[in-house]
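Residue-level listing of the chains:
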Amino acid sequence: MPGGTTLAEATSAATTAISDVARAAAVGHEMPEMAYCPLELKGAKAKVTSAGNSFAINVSADDAATVAEIEKRSNAISPAP
């Protein structure tokens, strides 16, 4: 896997992403301790797809303000190359 990531690690990351979106929806998206996470935003949607030997996680939203916040949070935890 690229960057030394194992299939188990990639699968775990994908599962975590889906769980984060579900948890956020269940608690009403008010989780101050997760303020850094792009998946915790109200209206955020995550789609996990196979990308060869890894997974791609696409986080999206329907409104521009949420998209901008997703980009801000995503870049803070994993800056674009």
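Residues numbered from 1 in each chain as written. Predicted model: local features only at pLDDT ≥ 70, side-chain atom pairs only at ≥ 80, totals over all residues. Heavy atoms only, no water.

Trainee: I tried to follow the pattern of salt bridges on my own but got confused; where do I start?
Mentor: A side chain of one charge can pair with a side chain of the opposite charge if their charged atoms are brought near each other. In this structure the tally under the stated criterion is 3 salt bridges. Among the ionic pairs, Lys 45 bridges to Asp 62, the shortest N-O distance being 2.8 Å. Of this pair, Lys 45 sits in strand 1 (residues 45–50) while Asp 62 sits in the loop between strand 2 (55–60) and helix 2 (64–77), placing them 17 residues apart in sequence. Of the charged contacts, one joins Glu 69 and Lys 72 as a salt bridge, the two residues approaching to 3.9 Å between their closest N and O atoms. In this pair, Glu 69 and Lys 72 both sit in helix 2, 3 residues apart, roughly one turn of the helix. We classify Lys 72 as exposed; its relative accessible area is 56%. If you follow the salt bridges from partner to partner, you end up with Glu 69, Lys 72 and Arg 73 in one network. (Salt bridge = Lys/Arg side-chain N within 4 Å of Asp/Glu carboxyl O. Helix = DSSP H or I, 4+ residues; strand = E, 2+ residues; numbered from the N terminus. Buried < 20%, exposed > 50% of the residue type's maximum accessible area, 1.4 Å probe, protein only.)

Trainee: Hey, could you run me through the side chain of Thr 66 in this one?
Mentor: Positionally, Thr 66 belongs in helix 2. A relative accessible area of 11% places Thr 66 in the buried class. Setting aside its immediate chain neighbours within four residues, Thr 66 contacts Leu 41, Lys 42 and Ala 61. (Contact = heavy atoms within 4.5 Å.)

Trainee: Help me understand the pairing of strand 1 in this model?
Mentor: Moving residue by residue along a regular strand, the side chains alternate between the two faces of the sheet. Sheet analysis places strand 1 next to strand 2, joined by 6 bridges and oriented antiparallel. Directly across from Lys 47, in strand 2, lies its bridge partner Asn 58. What sits between strand 1 and strand 2 in their antiparallel hairpin is a turn of 4 residues, with Gly 52 showing a positive phi close to 75°. (Pairing = 2+ DSSP bridges.)

Trainee: For this particular structure, what's the right way to read the confidence of the model for the protein chain?
Mentor: Predicted coordinates in regions of low pLDDT should not be interpreted in detail. Counting all residues, the mean pLDDT for the protein chain is 78, and 65% of those residues have values of 70 or more. Averaged pLDDT values for the elements of the protein chain fall to 67 in helix 1 (residues 7–27) and rise to 93 in helix 2. (pLDDT = per-residue confidence, 0-100.)

Trainee: It is not clear to me how the environment of Ala 61 should be interpreted in this structure. Could you clarify?
Mentor: Residue placement: Ala 61 occurs in the loop between strand 2 and helix 2. Each C-alpha atom of the pair Ala 61 and Leu 41 lies 9.0 Å from the other, and the pair is 20 residues apart in sequence.

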